[in-house]
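Residues per chain, in single letters:
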Amino acid sequence: MKLILVDDEKGILEGLKKMVDRYIPECEVVGTAYNGLEGFELIQRWQPDIVITDIRMPQAGGLDMIQMLKTVGIQSKFILLSGYADFEYAQKGIKLGVNFYINKPVEEQELRDCVCQVMEMIRLERSKVQEMDALKKATYLRIQEDGLRDILDMGNDHTEIAEELLRIGCMPGEGAHFACILIEINSNAEGLKELGFDSVFRQIDLVFRHYGSVYRFRYTGAQIAVIVIHGAALENRDMVHTTQRLHEVLFRQLNVSSVIGIGSVQEQPRGISQSFEEARNALSYQVIKGGEPVFSFTQIMNMTGKSELVTEEMIAGLEAAIDSMDERESVDMIHRIFRRIEAEPGFSPADLQLQCLNLLLLSIRKVSFQQLQQNTLLSRQLLSLEGISRFKTLASLEQWMVEVIGGIIAFMLEHRTSKKRDMISEIKEYVTAHYDEPISLAELAARFYMNPYYLSQFFKQKTGETYLNFLTHIRISKAKELLEQTDLKIYEICHKVGYSDAQHFARMFEKWTGFKPRDYRKSLAEQ
């Protein structure tokens, strides 16, 4: 620790310095001064941990010097050195926060004991500051993550809320470009089991460090969401190149294999949700297609720009059959689709594989990737390295499609005991019972064995509102009840209804009710 000595007697300064050097090796004397004015300048320059100062000195005494230093925000600890047993000095020193005194002539043991007490106090204070800083950082990161999860899950219709959530998390918004990445880590990765997700996060930070801001967190299970926010323009090819490098680094440094989907670059906060949906879509292509581990949505759009063989009516028919878990009707639709393909000349095996790929995306969009991995049949057929590319003839593709669709329907039947099961009602009941918990769309989808994107679309289709709107309505309604029936403080109500940030809670409450929470409570008292 740095220490400065202030005394108007040269012999005392030299004696103190020798004792500190000899008996207190934890401290280094970085400077000495002969009066309070010199000490004032020296201490401001060095910002020492400890100052040992005489009380009576020419020009400015020790107490005057301490008072001046306090006014400029110096946080050093002071030990007063005096040959005067004067209560007035001690009383003034106590008011200035000085709790340590040494009488002249200074004894070696007394000096060491006193300085050691001060050092222990400093260490304790620093430890408390570090704990508080760690708590603040954890809270801040939690607020950021909650805000980003809401943006990812809310859809594209909530520009104001997306911008507000970025502001609450102190994340850049205006004039920025946005892109989302979804990383699926191999759940059997030995490197991940040993090192944990923090090691993956560190590699993400390192590889993407040249972008303005990068936010990453576990989205669900073995999936990591990455949101890149950059002040300048983002090029899709640069994002693909950087992401490919991340894949290589994860495997080389951590022995972790991954599949990565990349969404398109967006210029508005509301586009973050769209980019993330595209990243999920791209990830699905990668899982089925096999081959390269990194795929961007932009590349997918370029691939699917060719003439379509399958009509919208056929797609709607297949979707309806899968929705009702009718295997016979689904297989009939597959046969009809392939008869259509068979009648169209001039398509290569690659084109045929692409058509099947599109159909498969339609088929599995209701099922979460985690659940696909857990199903042996589907995992073997869909997630193999060769993927769809190993089937070269129309007949082999058709038979494979029939097997896969049958496996998907069997899987859905296994996890949904009744075809008539009212999933929306069950989801609403679950959310109503757990509104005070941090329920993300991804966690909810995993619980109900559904793909997050499909759940989001399905919920809006069946209810007319987004999942996030429904959750917010439940939370605000419960908050109104607590404001009406209890004396709980606003921040306590905020946490009880599932919000981690009181400011965001207050803004959402005002958006839904027209009142700030405090004003709402006052209006009740006036009625």
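Note that the structure is predicted; figures quoted are calculated from it, not measured.

Chemist: Just give me the short version of the sheet that holds strand β8 (residues 223-230), but keep the residues and values in it.
Modeler: The strand order across the open sheet formed by 5 strands is β7-β8-β6-β9-β10, and the pairing between neighbours is mixed. The sheet terminates laterally at β7 (213-220) and β10 (294-296), the two strands that pair on one side only. For this sheet the average axis-to-axis angle between neighbouring strands, irrespective of direction, equals 20 degrees. Two elements, strand β6 (residues 177-185) and β8, share 8 bridges in a ladder whose sense is antiparallel. Looking at β8, one finds that Leu 182 is bridged to Ala 225. Against the sheet, helix α8 (residues 197-207) engages β6, β7 and β8, with an angle of about 150 degrees to β7. Here helix α9 (residues 236-254) sits on the sheet and contacts β6, β8, β9 (258-262) and β10; the angle it forms with β9, its principal contact strand, is near 165 degrees.

Chemist: Give me the lowdown on the confidence of the model for the protein, citing residues and values where you can.
Modeler: Mean pLDDT over the protein: 80, with 76% of residues reaching 70 or higher. Confidence, read as mean pLDDT per element, is least for helix α15 (residues 369-374) in the protein (50) and greatest for strand β1 (residues 2-6) (95).

Chemist: Quick rundown of a negative patch on the surface? Include the residues and the values.
Modeler: Taken together, Glu 107, Glu 108, Glu 110 and Asp 113 make up a surface patch of like negative charges. Turning to its location among the elements, Glu 107 is positioned in the loop between β5 (100-103) and α5 (108-154).

Chemist: Just give me the short version of the sheet that holds β5, but keep the residues and values in it.
Modeler: One open sheet accounts for 5 strands, arranged β2-β1-β3-β4-β5; its pairing is parallel. Each edge of the sheet is formed by a strand with only one pairing partner; in this case those strands are β2 (28-33) and β5. Across the sheet, the axes of successive neighbouring strands diverge by a mean angle of 20 degrees, strand direction being ignored. Relative to β5, strand β4 (residues 77-82) runs parallel, the two being bridged by 4 bridges. In the strand pairing of β5, Leu 81 is matched with Ile 102. Each of β1, β2 and β3 (50-54) is contacted by helix α2 (residues 36-46), which is oriented at about 150 degrees to β2, the strand it contacts most.

Calculation notes
Residues numbered from 1 in each chain as written. Predicted model: local features only at pLDDT ≥ 70, side-chain atom pairs only at ≥ 80, totals over all residues. Heavy atoms only, no water. Pairing = 2+ DSSP bridges. Helix = DSSP H or I, 4+ residues; strand = E, 2+ residues; numbered from the N terminus. Axes fitted to C-alpha atoms, helices over the stretch in contact; angles between N-to-C directions. Contact = heavy atoms within 4.5 Å. pLDDT = per-residue confidence, 0-100. Patch = residues over 30% accessible without salt bridge, like charges linked within 9 Å, V, L, I, M, F, W, Y side chains within 5 Å. Areas by Shrake-Rupley, 256 points an atom, 1.4 Å probe, with all protein chains shown as cover. Salt bridge = Lys/Arg side-chain N within 4 Å of Asp/Glu carboxyl O. Lys, Arg positive; Asp, Glu negative; His and termini not counted. Charge placed at Lys NZ, Arg CZ, Asp CG, Glu CD.

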